[in-house]
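What follows is the residue order along each chain.
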Amino acid sequence: MPFDIVQFYADWQTILPECFLLVWACIVTMAAVFSRNSGEGTSTGTYAIWTLIGVLVTAVWVALTPDGTAFGGTFVFDRLAVLFKEIVLGGVLLTVISSIGPVDRMKLHRGEFFGLLLFSAVGMMLMVSATELLLLYIAIELSTVTLFVLAAYRKANRKSAEAGLKYVILGGISSAVLLYGVALLYGMTGSTELAGIRNGIGDLFMASGSFPPGLTMALLLLLAGFGFKLALAPFHMWAPDVYEGAPTPITAYLSVASKAAAVAAFLRVFFVGLESSQTLWVQAVAVLAALAMIVGNVTAIVQSNIKRMLAYSSVAQIGYILVGAVAVNTWGATSMTYYAMAYLFANMGAFICVIAFSNRMGSDEIDDYAALSRRSPTIAVFFSIFLLSLAGIPPTAGFLAKYYVFLAAINNGYLWLVIVGLLTSVIALYYYATVIRKMFFPLDQPEGGFPVSLPLTIALSISCLGVLLLGVFPGPFVDLAQAAAAMLMPGM
Amino acid sequence: MDTFSLAFFVLAFLIVASAIFVVSSKNIFHSAIFLILALSGVAGLFVMLHAYFLAAAQVLIYVGAISVLMIFAVMLTSRIADKEIRHTNEQVGIGLLISGGLLAVILYSLYNTPFTISDQPIAEGAGMTLGRLLLTKFVLPFEVVSVLLLAALIGAIIIARRDTKTGDSVPPRPIPLPKSLQQAKGESES
């Protein structure tokens with residue numbers, strides 16, 4: 001096999017943004033090592049700025065890279081990959097900005113925090129481009145292993161240690177389940193590439209006129225594995241504890257970027273690789289989505305800790321995203337992609353409000369949010385907007401996102417799922433509104449006010465702008481989502 | 001029964017039996033030793049499948065490196081080797097029920113599924129093909145694994161390092177011996 005320089009260049013060109021971010025992650029980590037030896041060390045703000053530069057350069061690079069496939073078709077750089085890479089990078093960006101306060105209080109290993117964050121971002125960027133299950137698995141591992149560490153970053157804190165340990169154990173089990181599904185799929189179709197699996201499943205059906213039970217088993221195992229990664233009920237048990245114990249920026253990152261990347265991987269695996277066997281898995285996805293919406297929203301009502309409440313709320317949110325998955329076509333994929341964009345800004349914004357609050361008050365209890373509007377109107381107003389978007393109230397992004405996924409589901413005859421979705425939305429509105437009511441009433445408690453730091457104000461403004469833009473001018477964003485979804489079904 | 005089946009069943013028995021010992025042995029050192037046995041059995045299975053490279057890798061990496069590391073970790077951790085470990089909790093019944101049910105479902109579905117089985121012998125030089133694939137088509141996963149290891153290494157150091165400088169640190173705390181061992185120790189000393 002002669003060495004082909006043109007092919008070599010074409011292969012690596014598509015993956016240069018990831019390579020750059022990886023090198024940058026190493027630089028940030030090494031800077032942390034060397035600065036510790038020289039006196040006081042670098043300030044958290046400096047690390048954050050350098051990390052931000054790396055993220056921004058990568059984001060621009062991703063936007064400028066031409067589409068293409070590489071490494072024999074195992075890695076694909078298309079519109080779907082671009083969109084989800086930008087969502088992941090947007091998540092990293094907001095996480096880095098909002099971690100300045102919490103990381104500064106950690107005193108130790110501050111640089112490595114940002115380095116590990118970038119490592120995990122590289123894993124997620126590979127995840128959304130993988131069209132081969134081996135690469136997909138390793139990318140998932142890269143993103144989760146770093147998150148194990150980040151979740152346990154506040155070592156001295158009992159809850160953080162518990163979060164790390166729980167995440168390691170359940171993450172390990174879920175990887176095993178996922179791998180078992182992949183192995184069965186490989187055993188039956190003889191391929192780990194999505195295109196090969198698609199053909200193999202077609203051959204299996206041709207051979208006997210029906211799908212073998214082993215395929216159902218493989219699909220269920222894959223679904224369970226993805227369910228763990230997405231924190232979908234009933235595989236969400238780890239989420240509340242991990243979300244509560246992890247440093248809040250990591251919680252935000254975990255609930256947004258890692259879920260968005262997993263949604264992209266889900267779209268590729270199920271809408272491309274397993275598309276022809278959809279009769280086997282669509283029902284299961286519908287049931288899981290309904291369970292997630294019911295369990296997430298009902299359990300969120302009784303939570304007294306804001307991080308736990310948002311954890312259950314994000315379980316429900318992923319349920320809403322998967323409502324779009326019962327429509328295995330371009331429209332379903334479009335609605336899921338759009339929802340992922342809306343979810344990025346709304347959930348990230350909500351968590352940044354929690355960070356801004358706990359930076360000053362040192363508390364995550366919902367009761368402490370009472371009369372917040374008197375002390376910090378900025379946080380109270382922003383938080384209300386994000387919560388309303390999560391609840392799906394117009395003119396925010398959440399309303400259109402919910403509308404699109406429900407429309408996709410109805411067009412495919414899943415009326416019952418939409419009814420469940422609407423009913424649980426009402427429940428969701430109840431607990432979101434409870435928090436909002438707490439923040440604005442009673443009016444007679446004017447305690448000492450506190451300002452929001454400049455970086456957090458910027459992060460909040462970006463998120464808020466995103467939520468409102470997606471809600472008021474959805475046109476260009478729907479076009480982006482449609483272009484991304486079209487990559488999954490080139491025939492349509 | 002031909003020799004092939006006989007060898008398979010001997011290996012399978014060896015793997016399953018030692019795997020059960022790994023999770024049921026009360027002494028962590030014994031668990032580590034049985035793990036080596038189980039992993040060697042898996043290497044034997046790979047040899048039977050003519051996957052010689054995999055068998056060699058299994059022996060080198062799992063039996064050789066990982067097990068030795070684990071035994072070192074056991075030996076270097078103070079007082080962990082002679083500690084009794086409980087393997088079950090109050091939910092052992094439910095756990096058995098669920099995992100048994102899952103096993104039954106998986107066995108049923110696999111038994112009723114046709115797998116493509118090749119009767120061709122493995123071509124000579126399969127290792128060379130494997131190596132070539134690893135550096136062309138699968139070069140990306142191959143490289144990302146090293147990134148994964150690097151990230152895991154950094155993470156492990158951060159988690160394991162004892163923080164001494166700041167208030168965010170945990171002072172080392174002596175682990176009290178279990179009651180039964182304390183008594184035994186007292187008796188032997190007196």
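On a predicted model such as this, the values are computed, not experimentally measured, just so you know.

Asks: Explanation requested: the overall build of chain A in the structure shown.
Replies: When you go through chain A residue by residue, the secondary structure sums to 20 helices and 2 strands. Radius of gyration (C-alpha) of chain A: 22 Å, near the 23 Å computed for a compact globule of 492 residues. Dimensions of chain A, computed from the C-alpha atoms along their principal axes, are close to 75 × 55 × 40 Å. When the 492 residues of chain A are sorted by exposure, 60% land in the buried category. Across chain A, contacts joining residues at least 24 apart in sequence account for 80% of those joining residues at least 6 apart.

Asks: Got a minute to help me understand the overall build of chain B in this structure?
Replies: Per the secondary structure count, chain B includes 7 helices and 0 strands. The secondary structure elements of chain B, listed N-terminal to C-terminal, are α-α-α-α-α-α-α. Buried positions account for 9% of the 190 residues belonging to chain B. Residue pairs at least 24 apart in sequence account for 50% of intrachain contacts in chain B once pairs closer than 6 positions are excluded.

Asks: For this particular structure, what's the right way to read the domain arrangement of chain B?
Replies: Many analyses report the size of an interface as the accessible area lost when the parts associate. The domain architecture assigned to chain B consists of domain 1 (1–86) and domain 2 (123–166). A straight line from the C-alpha centre of domain 1 of chain B to that of domain 2 of chain B covers 23 Å.

Asks: Looking at this structure, I do not really get the interface of chain A and chain B. What am I missing?
Replies: Chain A puts 36 residues into the contact, and the matching count from chain B is 29 residues. Broken down by element, the residue count for the side of chain A that touches chain B peaks at 10 residues, all from helix 6 (residues 133–151) of chain A. Residues belonging to the side of chain A that touches chain B are distributed by class as follows: 23 nonpolar, 9 polar and 4 charged.

Asks: Can you help me understand the environment of V105 of chain B in this one?
Replies: Residues and elements named next belong to chain B. Inspection of the secondary structure assignment puts V105 in helix 4 (residues 92–111). Judged by the 14 C-beta atoms lying within 10 Å of it, V105 is partly exposed. The spacing of V105 and A126 is 21 residues in sequence and 35 Å in space, taken between C-alpha atoms.

Asks: Could you clarify how one ought to interpret helix 6 of chain A in this entry?
Replies: Since the α-helix turns once every 3.6 residues, residues separated by three or four places project in the same direction. When the terminal C-alpha atoms of helix 6 of chain A are compared, their 26 Å separation across 19 residues agrees well with the 27 Å that a helix rising 1.5 Å per residue should span. Across the 19 residues that make up helix 6 of chain A, a large majority, 18, are buried.

Asks: What is the right way to read the packing of helix 4 (residues 79–104) of chain A against helix 5 (residues 110–127) of chain A from this model?
Replies: Helix-helix packing: each pair is described by the crossing angle between the helix axes and the interaxial distance. Residues and elements named next belong to chain A. In contact at an axis separation of 10 Å, helix 4 and helix 5 are set at 165 degrees when each is read in the N-to-C sense. Of the possible angle classes, the one that applies to helix 4 and helix 5 is roughly antiparallel. The crossing of helix 4 and helix 5 is right-handed. Residue-level contacts link K85, V88, L89, V92, T95, V96, S99 and V103 of helix 4 to R110, F113, F114, L117, A121, M124 and M125 of helix 5. Its residues assigned to classes, the contact of helix 4 with helix 5 comprises 11 nonpolar, 2 polar and 2 charged.

Asks: For this particular structure, what's the right way to read helix 13 (residues 306–323) of chain A?
Replies: Its 18 residues place the ends of helix 13 of chain A 26 Å apart at the C-alpha level, agreeing with the 26 Å of an ideal helix rising 1.5 Å per residue. With respect to burial, helix 13 of chain A is a largely interior element, 18 of its 18 residues being buried.

Asks: Explain the environment of G209 of chain A to me, please; I cannot follow it from the model alone.
Replies: All names here are of chain A. By secondary structure assignment, the location of G209 is in the loop between helix 8 (194–208) and helix 9 (213–230). The class of G209 is exposed, set by 6 C-beta atoms lying within 10 Å. In this structure, the C-alpha to C-alpha distance between G209 and V242, residues 33 residues apart in sequence, is 45 Å.

Asks: Looking at this structure, I do not really get the packing of helix 6 of chain A against helix 7 (residues 158–189) of chain A. What am I missing?
Replies: All names here are of chain A. The contact between helix 6 and helix 7 brings their axes to 9 Å, and the two run at 170 degrees. In this view, helix 6 runs roughly antiparallel relative to helix 7, as classed from their interaxial angle. Contacts between helix 6 and helix 7 involve L133, Y137, E141, T144, F148 and A151 from the former and A163, G164, Y167, V168, G171, S175, L178, L179 and V182 from the latter.

Asks: Explain the nonpolar core here, please?
Replies: In a soluble, globular protein the nonpolar side chains are often hidden away together inside. Counting 205 residues, the largest nonpolar core has V88, V122, M127, A260, A261, I352 and V405 of chain A as the members making the most contacts within it. Tallying contributions element by element places helix 14 (residues 330–361) of chain A first for this core, with 21 residues. If we skip the residues at most four places from it in the chain, V122 of chain A touches E18, L21, L22, A25 and L142 of chain A together with V147 of chain B.

Asks: Looking at this model, I keep getting lost on unusual backbone geometry. Mind explaining?
Replies: Peptide bonds are mostly trans, and most non-glycine residues show a negative phi. All names here are of chain A. With an omega dihedral of 0 degrees, the bond running from A233 to P234 counts as a cis peptide bond. Locating P234 in the fold gives a position in the loop between helix 9 and helix 10 (238–245). Cis geometry marks the peptide bond from P394 to P395; its omega dihedral reads 10 degrees. Take P395: it is sitting in the loop between helix 16 (377–391) and helix 17 (397–411).

Asks: Help me out: how do you make sense of the environment of L291 of chain A in this one?
Replies: Residues and elements named next belong to chain A. For L291, the position within the fold is in helix 12 (residues 278–301). Residue L291 is classed as partly exposed on the basis of its 19 C-beta neighbours within 10 Å. Residues L291 and P474 lie 183 residues apart in sequence; the distance between their C-alpha atoms is 29 Å. Beyond its immediate stretch of four places on either side in the chain, L291 contacts A233 and P234.

Asks: Can you help me understand the confidence of the model for chain B in this one?
Replies: Detailed reading of the predicted coordinates is not advisable wherever pLDDT is low. For chain B, mean pLDDT is 81; residues scoring 70 or higher make up 80% of the total. Of the regions scoring below 50 in pLDDT, residues 166–174 of chain B engages in 13 contacts with residues more than four places distant in sequence or in other chains.

About the thresholds
- Residues numbered from 1 in each chain as written.
- Chains lettered and ligands numbered in written order.
- Predicted model: local features only at pLDDT ≥ 70, side-chain atom pairs only at ≥ 80, totals over all residues.
- Helix = DSSP H or I, 4+ residues; strand = E, 2+ residues; numbered from the N terminus.
- Rg over C-alpha atoms; globule rule 2.2 N^0.38 Å.
- Buried ≥ 20, exposed ≤ 12 C-beta atoms within 10 Å, placed from the backbone.
- Contact = placed C-beta atoms within 7 Å.
- Domains from an automatic or database assignment.
- Nonpolar A, V, L, I, M, F, W, Y, C, P; charged D, E, K, R; others polar.
- Expected span 1.5 Å × (residues − 1).
- Axes fitted to C-alpha atoms, helices over the stretch in contact; angles between N-to-C directions.
- Parallel < 35°, antiparallel > 145°, perpendicular 65-115°, else oblique.
- Left-handed = near helix turned anticlockwise from the far one by under 90°.
- Core = buried A, V, L, I, M, F, W, Y, C linked by C-beta atoms within 7 Å.
- pLDDT = per-residue confidence, 0-100.

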